[in-house]
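Residues per chain are reported as follows:
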Amino acid sequence: METGKKINHWCVLCGAGYHSCDLCNSQKTFTPWRTLTDTLEHFQIFMILKDYNNRRIDRKEAVELLSAFDLSDRETYKDSAKSVLADIFRDDGRSVPADDRAGGEDCV
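This structure is a prediction, so every number in the text was calculated from the model and none was measured. Here the residue index of a chain counts from 1 through its sequence in written order. Only residues with pLDDT of at least 70 are given local features in this predicted model, and only at 80 or more are side-chain atom pairs given and counted; all residues enter the totals for whole chains, interfaces and linings. To obtain the side-chain values, all non-hydrogen atoms of the structure were used and water was disregarded.

Caption draft 1: View of the overall build of the protein. For the protein, the count of helices and strands is 3 helices and 2 strands. Only DSSP runs of H or I with at least four residues qualify as helices, and only runs of E with at least two residues qualify as strands; both kinds are numbered from the N terminus onward. Element order for the protein, N to C, with α for helix and β for strand: β-β-α-α-α. In what follows, residue pairs with any heavy atoms lying within 4.5 Å of each other are defined as contacts. For the protein, the proportion of contacts with a sequence separation of at least 24, taken over those separated by at least 6, is 50%.

Take a look at the structure:
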């Protein structure tokens, strides 16, 4: 986060506060990643988790897509994201039904 700027957004993946230009929020044709997350990488991870949670991709595809990212900071993620990651990387290969997965407006 840039120093000296007021925190006006919180990352939907990790909860970190950051500053982002609110002019981007006025665009109705797209959702700029800076309105949702503090980094582009967190946005990409968030979208993979969201696609998995909404059954757009399966567990195998989620694992493959997430392998491109450094997830060493995942303990700092919000509980809902950690829950979806635990489901994706579960050892027994089972998946928690989407209806039983964590929910919420800013949840994956």
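Caption draft 2: Quick look at the packing of helix 2 (residues 59–66) against helix 3 (residues 79–88). In this analysis, axes come from line fits to C-alpha atoms, helices being fitted only over the stretch in contact, and the angle between any two N-to-C directions falls in the range 0 to 180 degrees. Running from amino to carboxyl end, helix 2 crosses helix 3 at an angle of 110°, the nearest separation of the two axes being 9 Å. One finds that helix 2 runs roughly perpendicular with respect to helix 3. For the pair helix 2 and helix 3, contact is made by Arg59, Ala62, Val63 and Leu66 and by Leu85, Asp87 and Ile88, respectively. Residue classes in the contact of helix 2 with helix 3 are distributed as 5 nonpolar, no polar and 2 charged. Working definition: roughly parallel below 35 degrees, roughly antiparallel above 145 degrees, roughly perpendicular at 65 to 115 degrees, and oblique for all remaining angles. When residues are sorted by character, Ala, Val, Leu, Ile, Met, Phe, Trp, Tyr, Cys and Pro go into the nonpolar class, Asp, Glu, Lys and Arg into the charged class, and all the rest, Gly among them, into the polar class.

Caption draft 3: Examining the side chain of His42 more closely. Along the polypeptide, His42 turns up in helix 1 (residues 40–53). Those residues in contact with His42, other than ones at most four positions away along the chain, are Cys11, Leu13, Cys14, Thr37, Asp73 and Tyr77.

Caption draft 4: Expanded view of the pattern of salt bridges. Salt-bridge detection follows one rule: a side-chain nitrogen of Lys or Arg within 4 Å of a carboxyl oxygen of Asp or Glu. Across all of its chains, the model carries 3 salt bridges by this definition. Note that Lys82 and Asp79 form a salt bridge whose closest N and O atoms lie 3.7 Å from each other. Here Asp79 and Lys82 lie together in helix 3, a separation of 3 residues that amounts to about one turn. Buried residues are those whose accessible area, probed at 1.4 Å on protein chains only, stays under 20% of the maximum for their type, while exposed residues exceed 50% and partly exposed ones sit between those limits. Classification of Asp79 by relative accessible area gives exposed; the value is 60%.

Caption draft 5: Highlighting the environment of Lys6. Among the secondary structure elements, Lys6 is positioned in the segment before strand 1 (9–10). Separated by 13 residues in the primary sequence, Lys6 and His19 place their C-alpha atoms 6.0 Å from one another.

Caption draft 6: The arrangement of helix 1 in detail. To estimate the expected span of a helix, subtract one from its residue number and multiply by 1.5 Å. Between the first and last C-alpha of helix 1 there are 20 Å, a value that for 14 residues agrees with the 20 Å anticipated at 1.5 Å per step. The set of residues buried in helix 1 consists of His42, Phe43, Ile45, Phe46, Ile48, Leu49, Tyr52 and Asn53. For helix 1, the elements touching its buried residues are helix 2 and helix 3. Trailing helix 1 by a residue or two, Arg55 shows a phi angle of about 65°, which is positive.

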